[in-house]
Amino acid sequence: MCGIVGGIAQRNVVPILLEGLKRLEYRGYDSAGMAVIHNHEIYRKRELGKVKGLEALLQADPISGHIGIAHTRWATHGKPSTQNAHPHICRNKVTVVHNGIIENHEQLRSQQLERGYEFTSQTDTEVIVHQIYDALESTNDFVGAVKQAVAKLEGAYALGILSTGHPDTLVACRKGSPLVIGVGIGEYFIASDVAALLPVTQRFIFLEDGDIAAIGINDLVIYDKDDNIVSRPIKDSQLTAEAAEKGEYRHYMLKEIYEQPFAISQTLEGRFINNRLQENAFGFNAPDIFDNTKAILILACGTSYHAGLVARYWLEELARVPCSIEVASEFRYRNPVLAPDTLVVTISQSGETADTLAALQEAKKLGAKHSLTICNVPESSLVRESDLVLMTRAGPEIGVASTKAFTTQLVTLMLLVIAMGRRFQLSDIMEAKLTSELFALPGKIEKVLRLDNEIKVLSEQFADKEHALFLGRGTHYPIAMEGALKLKEISYIHAEAYPAGELKHGPLALIDADMPVITVAPNNSLLEKLKSNMQEVSARGGQLIVFMDETLSSSPDSNVQILKIPQVDNEISPIVYTVPLQLLSYHVAVLKGTDVDQPRNLAKSVTVE
Ligand code: G6P
């Protein structure tokens, strides 16, 4: 949700900022822009569309400077346009890049209009740059002016700010939106995400909420929310610049689908000793917290919510732990009732999703004593705000459609099932079975990946379709939901998922030859029921595409296409059945020629409400 990068160095920062923007493009790609200060003047370039447009502009008409800020936008206030692209400038003196939403922007705008400020965009950001300029009218203290200005802002922001009157200082601050400082040798950078800066440094300072940093070429001063000068630790990132590159793959999404066996092995690595899950993997006080937990509440959004839905089936069915789950954006506003001793579990790839963060805060207000986050980004806000943390270790996920983050979330959730199940009704035998199923998972997924060509052929039937229905039962219903989400996200085909038993209560009316019905049909106790549901579709001339266990026999039927999935144990099967659905969506999108990694209107890290 908008990417920020900035820097101050002895060298020209423009190529570094440009590379940073490319690496941040997953956060938004409506427009991109950059500003540098050179000889006390602001030089700015902005372009509608992706970073490559800005790159072309910079090639045609280069700018350079030792200090600069840049931005890739995901439009909230004001349509994607060059005028609305960041950086925004006030009276050629102050320039700002912003991630987040300023909620009181209308009020500030009318005050500023009265004071004679002109607006050139429809963004909420422009009020920030005017506010800072205004404060600088009465002081020469750049940081002091930023402090005054941000005190007037309501909402969420991460900002990078330059002033022509202070050409040796980059000011950065954050509240509610992420921002890191990359520490180089004799140079500093800022970014929304470490991935942007990996080519120049692996050493990072994670700003905390309310921090304001004054960054000079050789000095850095950070003020906390109470205006105290604070020292924040420098942390070494384990990520390499290559981890966030596409390599030989045509798309990040495909690379990330293929990385799943490795990502899952990484997620399991070191978390078991002698085949026994070590509960301190969740945090040193995890055993005490789990001992005192009577129920679980899961809060998440998007794909992470689907992981939570699977976990609810697992926690109740396998471990007999009471579990509820809610979309974070609903939970946060409905004043819910929390059962005593509920452990609040948030699931998030980015750890920065605004609704999930707010839902966690709401749960705490409602009396939740303990929280656990399942997250893929160390040092993210959710990680910092949760008592217990279980990292998914999927590595950077760049494709907007989540793949390896989802399957590794499911793996970590299964670890939670084991840990909690020990206190409820998970038998030792079942624990041992789940453990061995988890370790067998990478091999099973390797086998499914070998079906890639078959799935590609299957996808040809979708390219001209406008709608698709996904069916599943039990733990495979959320997998059907995830399959439908993947298809709609990247191929723009309208797709819906239904629990197969609900078919007759409405969606059956939609069935005809133009509505493919994709069914997730593992060999489990619900199979016979599912077969009846498939008959209901077939009898009405519907086209079925069935992902089915290889051990099952099927009678030939021109309306039914079957893709046989390697045999897999029941409990872990939702993770395995996810993969062919990911590949299906991927190939349909490629055939349709959509932008697989950066589908229209979406962004990966949703740091606004
Ligand atoms: C966006 C992304 C999805 C993701 C969702 C939740 O919508 O495009 O892929 O599932 O946000 O994000 P989180 O980082 O909290 O998992």
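Attention here is on the structure that accompanies the text. (Residues numbered from 1 in each chain as written. Predicted model: local features only at pLDDT ≥ 70, side-chain atom pairs only at ≥ 80, totals over all residues. Heavy atoms only, no water.)

As a further point, take the overall build of the protein chain. When helices and strands are tallied, the protein chain shows 18 helices and 27 strands. By the compact-globule yardstick of 25 Å for 609 residues, the protein chain fits well, its C-alpha radius of gyration being 25 Å. Here the protein chain, with 609 residues, has 61% of them falling under the buried criterion. For the protein chain, the proportion of contacts with a sequence separation of at least 24, taken over those separated by at least 6, is 72%. Split by element, the accessible area of the protein chain, about 23500 Å² in all, is 47% carbon and sulfur. Within the protein chain, one finds 58 positive and 74 negative side-chain charges whose respective centroids are separated by 1 Å. (Helix = DSSP H or I, 4+ residues; strand = E, 2+ residues; numbered from the N terminus. Rg over C-alpha atoms; globule rule 2.2 N^0.38 Å. Buried < 20%, exposed > 50% of the residue type's maximum accessible area, 1.4 Å probe, protein only. Contact = heavy atoms within 4.5 Å. Areas by Shrake-Rupley, 256 points an atom, 1.4 Å probe, with all protein chains shown as cover. Lys, Arg positive; Asp, Glu negative; His and termini not counted. Charge placed at Lys NZ, Arg CZ, Asp CG, Glu CD.)

What follows concerns the sheet that holds strand β8 (residues 170-175). Spatially, the seven strands line up as an open sheet ordered β5-β6-β7-β8-β12-β13-β14, and their pairing is antiparallel. For this open sheet the edge positions go to β5 (88-90) and β14 (229-230), each flanked by a neighbour on one side alone. Across the sheet, helix α5 (residues 142-151) lies against β7 (155-163), β8, β12 (212-215) and β13 (220-223), angled at about 155° from β7, the strand it touches most. (Pairing = 2+ DSSP bridges. Axes fitted to C-alpha atoms, helices over the stretch in contact; angles between N-to-C directions.)

As a matter of local geometry, the ligand sits amid 13 residues, with S304, S348, Q349, S350 and T353 nearest to it. Measuring from an oxygen atom of the ligand, one finds a backbone N or O atom of T303 at 3.0 Å. S348 places a side-chain nitrogen or oxygen 2.6 Å from an oxygen atom of the ligand. Taking 390 Å² as the accessible area of the ligand by itself, protein coverage stands at 89%. Sorting elements by how many residues they give to the shell around the ligand places helix α9 (residues 302-317) first, with three residues. Class assignment of the residues belonging to the shell around the ligand gives a composition of four nonpolar, eight polar and one charged. (Near = heavy atom within 4 Å. Polar contact = N/O pair within 3.5 Å; in protein donor to acceptor, adjacent residues only side chain to side chain. Nonpolar A, V, L, I, M, F, W, Y, C, P; charged D, E, K, R; others polar.)

A few words on helix α14 (residues 428-449). Relative to the 32 Å expected for 22 residues at 1.5 Å per residue, α14 spans 32 Å between its end C-alpha atoms, a close match to the ideal helical length. Of all the bends in α14, the greatest reaches close to 40° and is centred on L441; the proline P442 follows between one and four positions later. Among all positions of α14, only M430, E431, L434, T435, E437, L438, L441, P442, I445, V448 and L449 are buried. (Expected span 1.5 Å × (residues − 1). Bend = angle between axes of the 7 residues up to and from the residue.)

Judged by how many residues are buried, strand β23 (residues 467-472) sits mostly within the fold: five of six residues are covered. Sheet topology places β23 next to strand β24 (residues 494-499); six bridges connect them, and they run parallel. Within the sheet, the bridge partner assigned to A468 lies in β24 and is A495. The parallel pair β23 and β24, bridged by helix α16 (residues 476-491), forms a crossover whose chirality is right-handed. (Right-handed = clockwise from strand over helix to strand, strands pointing away.)

Below, the discussion takes up the packing of α16 against helix α18 (residues 573-592). Interaxial distance between α16 and α18 falls to 9 Å at its minimum, and their mutual angle equals 15°. Taken together, the axes of α16 and α18 lie roughly parallel to each other. Pair α16 / α18 crosses with right-handed handedness. When α16 is examined against α18, the residues H476, I479, G483, K486, L487, I490 and S491 are found in contact with a partner set consisting of S573, P574, Y577, T578, L581, S585, Y586, V588, A589 and K592. Across the contact of α16 with α18, the residue classes tally to nine nonpolar, six polar and two charged. (Parallel < 35°, antiparallel > 145°, perpendicular 65-115°, else oblique. Left-handed = near helix turned anticlockwise from the far one by under 90°.)

In space, the five strands of this open sheet follow the order β24-β23-β25-β26-β27, with parallel pairing throughout. Looking along the sheet, the strands with just one partner apiece sit at the ends: β24 and β27 (560-565). Each adjacent strand pair in this sheet contributes to an overall mean axis angle of 20°, direction not counted. This element, helix α15 (residues 452-459), spans β26 (544-549) and β27 of the sheet and lies at about 160° to β27.

Looking now at the environment of L179. With respect to the secondary-structure elements, L179 resides in the loop between β8 and β9 (180-183). Each C-alpha atom of the pair L179 and K456 lies 40 Å from the other, and the pair is 277 residues apart in sequence. Ignoring any residue separated from it by four or fewer positions in sequence, one finds L179 in contact with I4, A158, L159, A172, C173, R174, A191, S192, F206 and L207.

This part takes up the nonpolar core. Counting residues in each nonpolar core, the largest one holds 88 residues, and the members touching the most others are F282, I296, L438, F470 and F547. A per-element tally of this core places helix α13 (residues 404-421) first, with eleven residues. If sequence neighbours within four positions are ignored, F282 has contacts with L277, F290, L372, L388, V389, L390, L415, L416 and A419. (Core = buried A, V, L, I, M, F, W, Y, C linked by side-chain atoms within 4.5 Å.)

All right, on to the pairing of β7 then. Across the nine residues that make up β7, a large majority, eight, are buried. Alignment of strand β6 (residues 94-102) against β7, held across nine bridges, turns out to be antiparallel. Each bridged residue has a counterpart across the sheet, and for I102 the counterpart in β7 is G155. Looking at chain direction, β7 and β8 are connected through four bridges and run antiparallel. Looking at β8, one finds that A158 is bridged to R174. Once β7 ends, the chain turns through six residues before running back antiparallel as β8.

With that out of the way, let us pick up the state of the cysteines. The term disulfide refers to a covalent linkage connecting the sulfur atoms of a pair of cysteines. Scanning all chains against the criterion turns up zero disulfides. Here C90 is not disulfide-linked; the sulfur of C173 is the nearest cysteine sulfur, at 16 Å. On the basis of relative accessible area, C90 is assigned to the buried category, the value being 1%. The structure places no disulfide on C375, whose sulfur is separated from the nearest cysteine sulfur, that of C301, by 13 Å. (Disulfide = S-S within 2.5 Å.)

The subject of this paragraph is the packing of aromatic side chains. A full pass over the atoms with the stated rule returns four aromatic pairs. Arranged with centres 6.0 Å apart and planes meeting at 80°, the rings of Y117 and Y133 form a pair that is edge-to-face. With Y117 in the loop between α3 (105-114) and α4 (126-136) and Y133 in helix α4, this pair connects stretches of sequence that are 16 residues apart. Accessibility assignment for this pair places Y117 and Y133 in one class, buried. (Phe/Tyr/Trp six-rings, centres within 6.5 Å; stacked < 30°, edge-to-face > 60°.)

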